[in-house]
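Each chain, letter by letter, is given below.
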Amino acid sequence: MKVFIDPPNSLILFDLVERSGHEPLSTMALIQEKIENTEIDMPPMNVSPDDVMKGLKYAGIEVPSGVRGRLALWGPMIEEAEAAIIMEDCPYGFGCVGCHRTTLMVRYLIKKKGIPVLNVNYPNDEEEGKELVIKMKEFLEGLK
Amino acid sequence: MSAERETRIIMISPSSDITPDQIVRAIHAMGKSVTVKEACYGAVLEGKREIVRDVVTELRKLDKNAIFTKVRAYCAGDPRRCRAHHGTRPGFAQLEMEWGDLWKIQHGLECADRGEKANERKTVKKLPIDEFKKICEVK
């Protein structure tokens, strides 16, 4: 199953989802597509006006461009997702830094989609690490 | 996504005895047609998708709970990212932070292998208003 991970660039979540035999939906795969497959529109990152329009599907024109830019990438990924894992209470530097509004919007989109969601807490010590791994394992095994 | 190429970051948990050098040597010893580059956190692995996944599966046998991987968007040595070409590394802060947490995940994976159950975390509940009033002695 395709599992959306939040933060979408997390190594820990990506690895744990993949270990369970599911496909993690991550920012990295999307960016690879962007820098490799598209024609050279706007080098070096190939962000084109089409991406701006994609972002408008999820957030209004008055919303800051950073939110729309992120949603242009993550919105289609959420649409594709069959389940989601969200990490809560992350420290400031964990995940995509700089826009909490995007995080709130992503969570709203996931909730609106009605897919199975697991909320896990950021592990601050080894006991919480154990809790995270075991909860994720149980959730992902249940998806099969 | 390109159907062919896959680049992966291989990261070693800080509590593991494995070194990046061992990872690179183990990959070379497999004799598969992949490119591998040693990094401070582990290695960057690149090649055809199926081969890369086979290599990762093999590599995990060294220490399955201490080796973590994720896909990397840019290929190894991409001038937009490679430091040798003065590229920026905006994702490195995230990698560094997660590297520091990998020992907790490793512990979790070991517990999960032993079949242990998760202990419920004590959640901090909101203070009922009556109790709050008692504390403040407002009554």
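Residues numbered from 1 in each chain as written. Chains lettered and ligands numbered in written order. Predicted model: local features only at pLDDT ≥ 70, side-chain atom pairs only at ≥ 80, totals over all residues.

Residues and numbers for the interface of chain A and chain B, please.
The interface of chain A with chain B comprises 32 residues on the first partner and 30 residues on the second. Looking at the side of chain A that touches chain B, the elements with two or more residues in it are helix 1 (11-19), helix 2 (27-36) and helix 6 (126-143) of chain A. Among the elements that line the side of chain A that touches chain B, the one with the most residues is helix 6 of chain A, at 11 residues. (Contact = placed C-beta atoms within 7 Å. Helix = DSSP H or I, 4+ residues; strand = E, 2+ residues; numbered from the N terminus.)

Could you give an account of the environment of lysine 54 of chain A, with specific residues and numbers?
All names here are of chain A. By the element assignment, lysine 54 lies in helix 3 (residues 49-56). Assessed through the 17 C-beta atoms surrounding it within 10 Å, lysine 54 is described here as partly exposed. Here the alpha-carbon distance between lysine 54 and proline 76, two residues 22 residues apart in the chain, equals 8.5 Å. Not counting the four nearest positions on each side in its chain, lysine 54 is found in contact with Ala72, Gly75 and Pro76. (Buried ≥ 20, exposed ≤ 12 C-beta atoms within 10 Å, placed from the backbone.)

Lay out the packing of helix 6 of chain A against helix 3 (residues 92-113) of chain B with the relevant residues and their values.
It is the contact of helix 6 of chain A with helix 3 of chain B, at a shortest axis distance of 7 Å, that shows an interaxial angle of 55°. Regarding the angle of helix 6 of chain A to helix 3 of chain B, the classification is oblique. As helix 6 of chain A runs across helix 3 of chain B, the sense of the crossing is right-handed. Residues Glu126, Glu128, Gly129, Lys130, Leu132, Val133, Ile134 and Lys137 of chain A of helix 6 of chain A pack against Lys104, Ile105, His107, Gly108, Leu109, Cys111 and Ala112 of chain B of helix 3 of chain B. (Axes fitted to C-alpha atoms, helices over the stretch in contact; angles between N-to-C directions. Parallel < 35°, antiparallel > 145°, perpendicular 65-115°, else oblique. Left-handed = near helix turned anticlockwise from the far one by under 90°.)

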